[in-house]
Amino acid sequence: MDHTENIEIEPKPVDKEKIKKLWRIAAILGVVTAIEFFLAFTMPRGILLYSVFVGLTLVKAFYIVSEFMHLKYEVKSLIWSIMIPVILVIWLIVALLAEGGSVYNINF
Amino acid sequence: MAVSTTLSEQTKKNIWDGGVSPLKASYGKLMMWFFLLSDAFTFSGLLITYGFLRYSFPAYEGSLSAFKPSQEYWPIPEKIFDAVPFLHGVHLPLLFVGIMTFILILSSVTMVLAVEAGHRMDKKDVTKWMLWTIIGGLTFLGCQAWEWNHFIHGTEQGLTLTNGIIFHGANLQMNEYGPSLFASLFFFITGFHGTHVFSGVLLNSVIFYNTVVGTYEKRGHYEMVEKVGLYWHFVDLVWVFVFTFFYLI
């Protein structure tokens, strides 16, 4: 195999800005989790607290998918190919939570 | 003018005719994205089932401090998951799952740093960050093993049944925390996620090995690191949702 010469590949220099940005996003994820944790013991349980939890979870999901999974930087058609099917999940949530309420009314 | 119009029309017609990548992503990455989409549906199904069953059981009414587990109503998770290893008998609600969440977020960061090092063709850095990611994954799995062990064996006080027998822990038929389905959902949801973490660790180990022996350096790119990276971040993403819907709410 004469064509597989062992050439030492010189790694490109580190882009400090990029690394800093990644750690900043990690810090955001950590802080949001800490806020959720804090609210769980300071706010009364109820629909308001649950809405805040769902909101903060979506914030975390946005950062993970857009930055860590790099989806924000893909072409538009790829972003939509992934995001549009997710709408089906919203329908399933609405349908099954309503169904759960009906089952409760029948049983109790 | 005329020339440029024909050109743009031609590109428009040809973009899905082959020879170009309309989504500007390789086949492997694209398929990983669509696999993850289908996996997202599976996890949505499991978590929404949790919501459905929780809605079909009575909620606990009364003050939080007076909460006692019973099979009559759905438990409040922060009252159930309050144990931390080596701190036996101390009431530390949700602290351990909080730590597990941080571990998984950190391993997601080390993964993204491995991907970044791959773009720079820096074999040493890819090796280092892949190793940290594997360690993070194994730590998470260890934590989950402890969590399962504690959940299955239960607390000292257990649950006193109507016939006077005290039941400890949980199995698929009954548990001391609440309705039977509560434990089943715990096993299904965290178990299915744990299986994903486990296969993620296996995949990461294969990629780590290939990096060390120089497969990707010879290939000229580290795209495989990106592909397992997508999978690994997805596992983290799912945990974010499990943390909220199973433990917080």
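Thresholds applied
Residues numbered from 1 in each chain as written. Chains lettered and ligands numbered in written order. Predicted model: local features only at pLDDT ≥ 70, side-chain atom pairs only at ≥ 80, totals over all residues. Heavy atoms only, no water. pLDDT = per-residue confidence, 0-100. Phe/Tyr/Trp six-rings, centres within 6.5 Å; stacked < 30°, edge-to-face > 60°. Helix = DSSP H or I, 4+ residues; strand = E, 2+ residues; numbered from the N terminus. Buried < 20%, exposed > 50% of the residue type's maximum accessible area, 1.4 Å probe, protein only. Contact = heavy atoms within 4.5 Å. Buried area = accessible area lost by both parts, 1.4 Å probe. Salt bridge = Lys/Arg side-chain N within 4 Å of Asp/Glu carboxyl O. Polar contact = N/O pair within 3.5 Å; in protein donor to acceptor, adjacent residues only side chain to side chain.

**A look at the confidence of the model for chain B**
Phase 1: When pLDDT is averaged along chain B, the result is 91, and 95% of the positions lie at 70 or above.
Phase 2: For this predicted complex, the interface score ipTM comes out at 0.90, alongside a pTM of 0.90.

**Quick notes on the packing of aromatic side chains**
All names here are of chain B.
Phase 1: Inspection of the entire model under this criterion finds 34 aromatic pairs over all chains.
Phase 2: Centroid distance Tyr50 to Trp74: 5.7 Å. Interplanar angle 75°. Geometry classified as edge-to-face. Here the residue Tyr50 occupies a position in helix H2 (residues 27-55), and Trp74 occupies one in the loop between H2 and helix H3 (77-80), the gap between them amounting to 24 residues.
Phase 3: According to the relative accessible area criterion, Tyr50 is buried, its value standing at 3%.
Phase 4: Here Tyr50 and Phe246 contribute two aromatic rings whose centre-to-centre distance is 4.8 Å and whose plane-to-plane angle is 40°, an arrangement assigned as tilted. With Tyr50 in helix H2 and Phe246 in helix H8 (residues 223-248), this pair connects stretches of sequence that are 196 residues apart. When sorted by exposure, Tyr50 lands in the same class as Phe246, which is buried.

**Regarding the interface of chain A and chain B**
Phase 1: Contacts between the two partners involve 50 residues from chain A, matched on the other side by 54 residues from chain B.
Phase 2: Summing both sides of the interface, chain A and chain B together bury roughly 4,800 Å²; the carbon and sulfur share of this comes to 79%.
Phase 3: The largest per-residue losses of area from chain A upon contact with chain B belong to Arg45(A), Phe68(A) and Met69(A), which jointly make up 14% of the total buried on that side.
Phase 4: Between chain A and chain B we count 1 salt bridge in total.
Phase 5: The residue Glu78(B) makes a salt bridge to Arg45(A) at a minimum N-O spacing of 3.0 Å.
Phase 6: Joining chain A to chain B, the criterion identifies 4 residue pairs in polar contact (both at pLDDT 80 or more).
Phase 7: For the side of chain A that touches chain B, the secondary structure elements donating two or more residues are helix H1 (16-42), helix H2 (47-68) and helix H3 (76-107) of chain A.

**Brief notes about the side chain of Thr101(B)**
Phase 1: Mapped onto the elements, Thr101(B) comes out in helix H4 (residues 95-119).
Phase 2: Since its relative accessible area comes to 1%, Thr101(B) is described here as buried.
Phase 3: With near-sequence residues (within four places) excluded, Thr101(B) lies in contact with Thr33(A), Trp239(B) and Phe243(B).

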